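Chains, contacts and geometry: an overview
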Amino acid sequence: MKLFGTFDVRYTQCTAIFRTLTHKITFVVFLLVLCFLPLIAGEQLLSLLTHIAITSITVLGLMILVGYAGQISLGQSAFMAVGAYASGLLITLCGFPFLLALPCAGLAGGLAGLIFGIPSLRLKGFYLAMATLAASFIIPWLIVWVRPDITGGVYPGLTVPPPVIFGFTFNTETSMFYLVITITLIMIYLAKNITRTRIGRAFVAIRDNDLAAEVLGINIFKYKLMAFFICSVYAGISGALWGHWQRALNPEHFTLMDSVWYLGMVVVGGLGSIMGAVFGAAFIRILEYFVTAVAPILEGWLPEGLAGGYAIYIFVGLGALTFGMSMILFLIFQPRGINHAWRVFLASLRLHPFSD
Amino acid sequence: MPILKVDRVTLSFGGVTVLSNVSFDVEEKSICSIIGPNGAGKTSIVNSINGFYRPENGRIIFSGNDIIRKPSHKIAALGIGRTFQQIELYTGLTSVENMLAGRHMLFNSGMISCALFYGKARRQEVEHRRAVEKIIDLLEIEPIRDEVVGNLSYGLRKRVELGRALAMEPSLLILDEPMAGMNAEEKEDMVRFILDIYDLKGTSILLIEHDMGVVMDISHKVVVLDFGVKIADGAPEEVSVNPAVIEAYLGRKKA
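In this text the structure is predicted, and so the values were computed from the model without any measurement. (Residues numbered from 1 in each chain as written. Chains lettered and ligands numbered in written order. Predicted model: local features only at pLDDT ≥ 70, side-chain atom pairs only at ≥ 80, totals over all residues. Heavy atoms only, no water.)

1. Section: the overall build of chain A
For chain A, the helix and strand inventory stands at 15 helices and four strands. Rg of the C-alpha trace for chain A: 21 Å, near the compact-globule value of 21 Å for 356 residues, within the 12% margin. By its C-alpha atoms, chain A is 60 × 50 × 45 Å across when sized along the principal axes. Within chain A, the proportion of its 356 residues that are buried is 50%. The long-range fraction of contacts in chain A, counting pairs at least 24 apart against all pairs at least 6 apart in sequence, stands at 75%. Element-wise, carbon and sulfur atoms account for 72% of the exposed surface of chain A, whose accessible area totals about 17200 Å². Side chains of chain A give 19 positive and 13 negative charges; the mean places of these two sets differ by 19 Å. (Helix = DSSP H or I, 4+ residues; strand = E, 2+ residues; numbered from the N terminus. Rg over C-alpha atoms; globule rule 2.2 N^0.38 Å. Buried < 20%, exposed > 50% of the residue type's maximum accessible area, 1.4 Å probe, protein only. Contact = heavy atoms within 4.5 Å. Areas by Shrake-Rupley, 256 points an atom, 1.4 Å probe, with all protein chains shown as cover. Lys, Arg positive; Asp, Glu negative; His and termini not counted. Charge placed at Lys NZ, Arg CZ, Asp CG, Glu CD.)

2. Focus on empty space enclosed by the protein
Summed over the entire model, instances satisfying the criterion amount to two cavities of 30 Å³ or more. What lines the largest cavity is Thr83(B), Phe84(B), Lys158(B), Glu161(B), Leu162(B), Leu175(B), Asp176(B), Pro178(B) and Met190(B). Those elements giving two or more residues to the lining of the largest cavity turn out to be helix H6 (154-167) and strand E7 (172-176) of chain B. At three residues, the largest contribution of residues to the lining of the largest cavity is made by H6(B). For the lining of the largest cavity, the per-class residue count stands at five nonpolar, one polar and three charged. Residue contributions to the lining of the largest cavity reach at least three from each of two domains, namely domain 1 (1-79 + 170-255) and domain 2 (95-168) of chain B. Lining of the second largest cavity is provided by Trp261(A), Ile284(A), Leu287(A), Glu288(A), Val291(A), Gly319(A), Thr322(A) and Phe323(A). Mapped by element, the contributors of at least two residues to the lining of the second largest cavity are helix H13 (274-301) and helix H14 (311-333) of chain A. No other element matches H13(A), which puts four residues into the lining of the second largest cavity. The residue makeup of the lining of the second largest cavity, split by class, is five nonpolar, two polar and one charged. (1 Å grid on protein atoms, 1.4 Å probe; cavity = no way out; pocket = protein on both sides within 12 Å on 5 of 7 lines; lining within 4 Å. Points joined across faces, edges and corners; volume = space filled by probe spheres on them. Nonpolar A, V, L, I, M, F, W, Y, C, P; charged D, E, K, R; others polar. Domains from an automatic or database assignment.)

3. Regarding the sheet that holds strand E8 (residues 204-208) of chain B
All names here are of chain B. One open sheet accounts for six strands, arranged E6-E7-E8-E3-E9-E10; its pairing is mixed. Each edge of the open sheet is held by one strand with a lone partner, namely strand E6 (80-82) and strand E10 (229-234). Each neighbouring strand pair of the sheet contributes to a mean axis angle of 20°, computed without reference to strand direction. Along the sheet, helix H2 (residues 72-79) contacts E6 and E7; its crossing angle with E6, the most-contacted strand, is approximately 105°. Helix H7 (residues 184-201) contacts strand E3 (31-35), E7 and E8 of the sheet and is inclined by roughly 155° relative to E8. (Pairing = 2+ DSSP bridges. Axes fitted to C-alpha atoms, helices over the stretch in contact; angles between N-to-C directions.)

4. Some remarks on a nonpolar patch on the surface
Where nonpolar side chains cluster on the molecular surface, the patch consists of Val28(A), Leu32(A), Phe36(A), Leu39(A) and Ile40(A) and spans about 570 Å² of accessible area. By the element assignment, Phe36(A) lies in helix H2 (residues 21-40). (Patch = residues over 30% accessible without salt bridge, like charges linked within 9 Å, V, L, I, M, F, W, Y side chains within 5 Å. Salt bridge = Lys/Arg side-chain N within 4 Å of Asp/Glu carboxyl O.)

5. Structural notes on the packing of aromatic side chains
With the rule as written, the count across this model stands at 13 aromatic pairs over all chains. Among the aromatic residues, ring-to-ring pairing joins Phe279(A), Trp342(A) and Phe345(A) into one connected group. Positioned above the aromatic ring of Tyr90(B) is the side chain of Arg164(B), whose terminal nitrogen or guanidinium carbon lies 4.7 Å from the ring centre. Over the face of the ring belonging to Phe193(B) we find Arg192(B), whose NZ or CZ atom lies 5.3 Å from the ring centre. (Phe/Tyr/Trp six-rings, centres within 6.5 Å; stacked < 30°, edge-to-face > 60°. Lys NZ or Arg CZ within 6 Å of the ring centre and 35° of its normal.)

6. Some remarks on unusual backbone geometry
Looking along the chain, the bond that leaves Tyr155(A) and enters Pro156(A) is cis, with omega of 10°. Here the amide bond leading from His352(A) into Pro353(A) is cis, since omega sits at 5°, within 30 degrees of zero. Notably, Arg8(B) is not glycine yet its phi reads approximately 45°, a positive angle. Summarising the element assignment, Arg8(B) is placed in strand E1 (residues 2-13). Although it is not a glycine, Ser63(B) sits at a positive phi angle of roughly 40°. Its location among the elements puts Ser63(B) in the loop between strand E4 (57-62) and strand E5 (65-66).

7. Quick look at the domain arrangement of chain B
All names here are of chain B. For chain B, the assigned domains read domain 1 (1-79 + 170-255) and domain 2 (95-168). Here the C-alpha centre of domain 2 lies 27 Å away from the C-alpha centre of domain 1. Contacts between domain 1 and domain 2 engage 20 residues on the former and 12 residues on the latter. On the domain 1 side of the interface with domain 2, the three residues burying the most area are Pro 170, Phe 193 and Ile 197, jointly 34% of the side's total. Linking domain 1 with domain 2 are two salt bridges, by the criterion used here. Residue Asp 189 pairs with Arg 159 through a salt bridge whose shortest N-O separation is 3.8 Å. Applying the counting criterion to the domain 1 and domain 2 interface returns three residue pairs in polar contact (both at pLDDT 80 or more). Only H2, E7 and H7 provide two or more residues apiece to the side of domain 1 that touches domain 2. By residue number, the principal contributor to the side of domain 1 that touches domain 2 is H7, which donates nine residues. (Buried area = accessible area lost by both parts, 1.4 Å probe. Polar contact = N/O pair within 3.5 Å; in protein donor to acceptor, adjacent residues only side chain to side chain.)

8. As for the pairing of strand E2 (residues 16-27) of chain B
Two strands pair when backbone bridges link them, and E1(B) and E2(B) are joined in this way by eight bridges, in the antiparallel orientation. Residue pairing for E2(B): Leu11(B) is matched across the bridge by Leu19(B).

9. Some points on the interface of chain B and chain A
Each partner contributes to the interface: chain B provides 37 residues, whereas chain A provides 32 residues. Each partner contributes to the roughly 3100 Å² buried at the junction of chain B and chain A, and carbon and sulfur atoms together form 66% of this total. Taken together, the links from chain B to chain A amount to one salt bridge. Residue Arg201(A) pairs with Glu125(B) through a salt bridge whose shortest N-O separation is 3.1 Å. Residue assignment for the side of chain B that touches chain A shows that the elements contributing at least two residues are H2, helix H3 (95-102), helix H4 (111-116) and helix H5 (120-139) of chain B. Residue contributions to the side of chain B that touches chain A peak at six residues, all from H5(B). Along the lines of polarity and charge, the residues of the side of chain B that touches chain A split into 18 nonpolar, 10 polar and nine charged.

Structure (structure tokens):
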């Protein structure tokens, strides 16, 4: 919604990301807060924010695929694995610099996504989900069994060095935070650009009316594959960052359940909105953080012997419970996601005192 | 020289013949109408031209290209734009975005350029937005340019759909019942737009319509179909007195 009294006099203003001075100032303030946050925040908070940012990247990709192009993929975490291993192996084996390995990881993820996107030519919805499900099993299997001498298999896994850019090693939580946030902001900008140009419109055209899109000159198959490619490039980059952050890779880190969580984040954030991806990732990660914090407390309360008596079991059960619960509540009460609620909130602020 | 030549096209679905040996031409810079009772095969002809249906026999020649085996998006790229009987807009996009999406194939910016929003992508966004504004002007839909089309009324959606087809800058514009379900005033507007488009852009128009008044008024040529067979074609005044046409519409007089 445009502010009253804001008039576009150039066509570039209609699609501008920051339209008014207030937008620009808000963004600069936001950047400053991010810059100075590590000075006051503890490691735990920084680590949570880094995790949110890395997750946001992969959810952004999925948002373009699911929210814009209307396709579905249950292979997102597998494509993250491809990116993570590609970057890790390129640096340790081939001696690539981090700045080259990261785009290569994106490309590797993208190519994997392209292959598993091919069934989208014939399949839709549920059946496409089943076809992409295969990626969640095939890719980890390949990592474990094809060359375990290189990938390290399940045990001992692959040790990944911290990123090094021009001699600077990102080996602390703070430096990783800056690196990841910068890359995330760039990825958000790129995603926003894709959705506001011809490619984004072609995606929405396919989502809303694929027959009309074909008749009006959009090559559906090409754009479906492009959506899969872009989606998994994001997954690849996100996976690579995750690997460099955790510094240890294991195929068991990239499970089908994670792919489902990412889809859940897309829905919770709000289908068809770039900011929704960030909101969704933040919401679920913060929820997860609280569950982790609450689990040990619950352990003390629950009767002896229940849930095996271990906090980890309570955490796993409670995680699935809260995640499922929040999904159901969102679908019932806020099906258009956090992004929509946020827009409504902003609109009511602008209209104050004429809004209820 | 006809811009579109439909030559002995036969189409059937599982043994039911929908079109049999239908031939007709659309002359360049003319308005040609297809009429016929319900189920005559009017929309099937259009869908065959668009590449939705694959006729088993015959040829469809558009500006010298046989288009019968081409995929739909390539046929569109040759310069055939269309609207649909049931409105088929991209409901999640605004009017302007729908029209820009219609111009999709006139853009040639690639993925990298779009992602960076730099150079060609940025330039073309502005350039095509300017072209779309001209169409908005022509169709008088300025107030709804930024409305999401899912929220628009039926008549306006029909207009945006016409705008989207025009945005493709087609040399042949196919309109499938553009006036269905409209009141007299909306019909007048629509006819005015069609004539404006024809006068200003010289676009050849293939029109499917049930309103005989409109058809007889604006077409240069009328093709009549009945049960998948062409029973007459020619100038409106010839067709309207043709006994076969009268029989198809009104039935045979009892002897």
